[in-house]
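Listed below, chain by chain, are the residues.
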Amino acid sequence: MDETAASTQQATSSESDTSVLKDLHGRKLNSTIESYMLPADLPERDRLDLQHEMLKSATGGLYLPREAVQRALSPRVDGSPPRILDVGAGSGKWATDMAKEFPHAEVVGLDLVPVNPSSQAPPNCRFILGDCNTCLDDPSYESAFDMIQARCIVSGVHDYRKFIQHIWKALRPGGVFFVIEGRLGCLDEHRQQLKARDEGDPDYSWQHKLASLTGEIMRV
């Protein structure tokens, strides 16, 4: 396979691409999918870079499990490059760092909007535009990758079970899927889960209700 997902287009590093971005209250948001409401501008890139460093610190590196990933991405006898897919590439930091750690591999970052990395991506890393809810079903993704990462993207996935099925088909034998998702909810000052309150209760909070309901929806 020469190119991944002919239905997607090469991402450009421009914050002014009006075909996929829109202005809302002074921030840039994607205009391709209404259900994903996080910004897609430079302040958001900086936040995602910080999130990347936080997750890297929490997991002890760029990926888990280390031995399985290194085995899946080891150089091939025939010289063909192992392939890595970053679903929801965000700021592009993880994809860029993986491309540097595995210079013999091909890294593809997939996102709804153009990726604008804070550092120059190496030549073995590229970014493409696409919606993971639809494009992963394209035949060009089938058995195409040795490692797939998807972290903190659950709010943009319409059907997570279907998404996992697409991931399964896109992995080559012996491939690795690395996923991280947060657990939504509210904690007290002792970092204990707050119990839901009914309206009228002195401790009732709309923010708590929103987080609780969103967490329940994500678990369905």
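Bear in mind the structure is a predicted one, so any value in this text is a computation, not a measurement.

(A) Just the overall build of the chain, in detail. Helix and strand counts for the chain stand at five helices and eight strands. When its helices and strands are written in sequence order, the chain yields β-β-β-α-α-β-α-β-β-β-α-β-α. Here the chain has a C-alpha radius of gyration of 19 Å; the compact-globule value for 220 residues is 17 Å, and the two agree. Overall size of the chain, expressed as C-alpha extent along the three principal axes, is 70 × 40 × 30 Å.

(B) Representation of unusual backbone geometry. The omega angle of the peptide bond from Leu64 to Pro65 is -15°, so this bond is cis rather than trans. With respect to the helices and strands, Pro65 occurs in the loop between helix H1 (42–59) and helix H2 (66–72). Even without glycine at this site, Ser143 takes up a positive phi of about 50°. For Ser143, a relative accessible area of 40% gives the class partly exposed. At Arg191, a residue that is not glycine, the phi angle is positive and equals roughly 60°. Counting through the fold element by element, Arg191 comes out in the loop between strand E8 (171–180) and helix H5 (206–219).

(C) Spatial organisation of the packing of aromatic side chains. A complete count under the given rule lists four aromatic pairs for this structure. An angle of 50° between the planes, with centres 5.9 Å apart, marks the rings of Tyr63 and Phe102 as tilted. Of this pair, Tyr63 sits in the loop between H1 and H2 while Phe102 sits in the loop between helix H3 (93–101) and strand E5 (106–111); the two residues are 39 residues apart in sequence, bridging distant segments of the chain. Judged by relative accessible area, Phe102 falls into the buried class, the value being 7%. Here the aromatic rings of Tyr160 and Phe163 are separated by 5.4 Å at their centres, their planes lie at 55°, and the arrangement is tilted. Linking Tyr160 with Phe163, this pair stays in helix H4 (residues 160–170), spanning three residues, or about one helical turn.

(D) Representation of the UniProt feature "domain: Methyltransferase" (unreviewed entry) in the chain. Mapped onto the present numbering, the UniProt feature "domain: Methyltransferase" (unreviewed entry) falls at residues 83–190. With 19% helix and 31% strand, residues 83–190 has end C-alpha atoms that lie 43 Å from one another.

(E) Fine view of the nonpolar core. Formed by 24 residues in total, the largest nonpolar core has its most connected members in Tyr63, Leu73, Ile84, Met98, Cys125, Phe127 and Met147. Sorting the residues of this core by element identifies H2, H3, strand E6 (125–129) and E8 as the ones contributing at least two each. Among the elements that take part in this core, H3 stands out by supplying four residues, more than any other. Judged by nonpolar contacts, the second largest core, of 19 residues, contains Tyr141, Ala150, Val157 and Ala170.

Rules and cut-offs
Residues numbered from 1 in each chain as written. Predicted model: local features only at pLDDT ≥ 70, side-chain atom pairs only at ≥ 80, totals over all residues. Heavy atoms only, no water. Helix = DSSP H or I, 4+ residues; strand = E, 2+ residues; numbered from the N terminus. Rg over C-alpha atoms; globule rule 2.2 N^0.38 Å. Buried < 20%, exposed > 50% of the residue type's maximum accessible area, 1.4 Å probe, protein only. Phe/Tyr/Trp six-rings, centres within 6.5 Å; stacked < 30°, edge-to-face > 60°. UniProt positions renumbered as here; feature names shortened; annotations may be inferred. Core = buried A, V, L, I, M, F, W, Y, C linked by side-chain atoms within 4.5 Å.

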